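Notes for the structure review
Below are the chains, spelled out letter by letter.
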Amino acid sequence: MSRVLLTGATGLIGGHLLRMLIEAPQVSHITAATRRPLPAMNKVTNPHDPQLSDALTQLTEPLDTVFCCLGTTMKEAGSKEAFVLADYTLVVDTAITAQRLGAKHMLVVSAIGANSKSPFFYNRVKGEMEEALIAQDWPRLTIARPSMLLGHRESQRFNESLFAPLFKIMPGKWKSIEARDVAKAMLREALNPSREGVNILDSRQLREIAKAP
């Protein structure tokens with residue numbers, strides 16, 4: 001895993017992951033495509049454009065691995081169309097770009113409850129995104145399905161503040177998880193993949209991978 005692409009670097013999980021990738025000796029170069037520019041960082045190239053798809057089209061250097069940590073909420077997106085753009089279209093665009101540049105392993109953040117047949121719009125879009133990536137026939141595709149994320153955000157999401165105490169005591173895959181543990185688990189899976197093909201990891205599994213010695 002020498003050369004990587006990361007989208008979603010300004011988000012809660014993506015921010016942790018970017019810092020971990022910079023520190024990982026196995027990573028020689030990071031392309032972090034964003035809508036707004038990042039500060040200059042070691043090993044990082046930052047193509048940026050308010051239209052993220054346009055930033056992705058600029059890429060020409062070969063890749064080994066791609067991480068996608070894009071994700072929003074209906075409230076932040078403002079409309080169903082904007083939500084689909086962020087959580088489906090741009091994720092698929094990331095994958096298409098990475099395959100064009102030779103990546104063999106994609107790791108993506110989805111969500112617990114992702115299901116293309118779900119009556120709930122959020123879960124349905126996440127499930128449709130997963131199915132689109134699976135249809136691309138990656139040699140390795142790792143799908144992280146975390147429960148409620150814990151960690152500092154610049155602007156706290158109301159539902160996360162409201163339900164955080166409940167999710168901290170939920171059992172198994174439903175228990176909330178630290179965003180940095182999701183990032184750590186994704187990095188470990190990239191460095192030492194547990195299997196070929198599609199690998200779907202829930203919060204319990206992500207936590208175990210992150211905490212393993």
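Residues numbered from 1 in each chain as written. Predicted model: local features only at pLDDT ≥ 70, side-chain atom pairs only at ≥ 80, totals over all residues. Heavy atoms only, no water.

1. Thoughts on the packing of aromatic side chains
Note the cut-off: Each Phe, Tyr or Trp ring (for Trp, its six-membered ring) is paired with any other whose centre lies within 6.5 Å, and the angle between the two planes then decides the class: stacked below 30 degrees, edge-to-face above 60, tilted in between. Secondary structure elements are defined from DSSP: runs of H or I of at least 4 residues count as helices, runs of E of at least 2 residues count as strands, and each element is numbered from the N terminus. Residue burial is assigned from relative accessible area. The probe radius is 1.4 Å, only protein chains are included, and a residue is buried under 20% of its type maximum, exposed over 50%, and partly exposed in between. Put simply, a charge is over a ring when the Lys NZ or the Arg CZ is close to the ring centre, within 6 Å, and near the line of the ring normal, within 35 degrees.
With the rule as written, the count across this model stands at 2 aromatic pairs. Ring centres of phenylalanine 83 and phenylalanine 121 lie 5.7 Å apart, and the angle between their planes is 50 degrees; on these two criteria the pair is classed as tilted. On the criterion of sequence distance, the pair formed by phenylalanine 83 in helix α4 (residues 80-100) and phenylalanine 121 in helix α5 (residues 121-135) is long-range, its members being 38 residues apart. Assigned by exposure class, phenylalanine 83 and phenylalanine 121 land together as buried. Here phenylalanine 83 and tyrosine 122 contribute two aromatic rings whose centre-to-centre distance is 5.4 Å and whose plane-to-plane angle is 45 degrees, an arrangement assigned as tilted. Of this pair, phenylalanine 83 sits in helix α4 while tyrosine 122 sits in helix α5, and the two are 39 residues apart along the sequence. Given the relative accessible area of 0%, phenylalanine 83 is considered buried. Through successive ring pairs, a cluster of aromatic residues spans Phe83, Phe121 and Tyr122. Across from the ring centre of phenylalanine 121, 5.0 Å away, lies the NZ or CZ of lysine 80, which sits over that ring.

2. A few points about a nonpolar patch on the surface
Rules: Patch definition: residues with relative accessible area over 30% and no salt bridge; like charges joined within 9 Å; nonpolar side chains (Val, Leu, Ile, Met, Phe, Trp, Tyr) joined within 5 Å. For accessible areas, the Shrake-Rupley method is used with a probe of radius 1.4 Å. Any residue's cover is judged against the shown protein chains and nothing else. Criterion for a salt bridge: a side-chain nitrogen of Lys or Arg within 4 Å of a carboxyl oxygen of Asp or Glu.
A cluster of nonpolar side chains, contributed by Ile134, Val198 and Ile200, occupies part of the molecular surface with about 200 Å² of accessible area. You can see isoleucine 134 is positioned in helix α5. Judged by relative accessible area, isoleucine 134 falls into the partly exposed class, the value being 39%.

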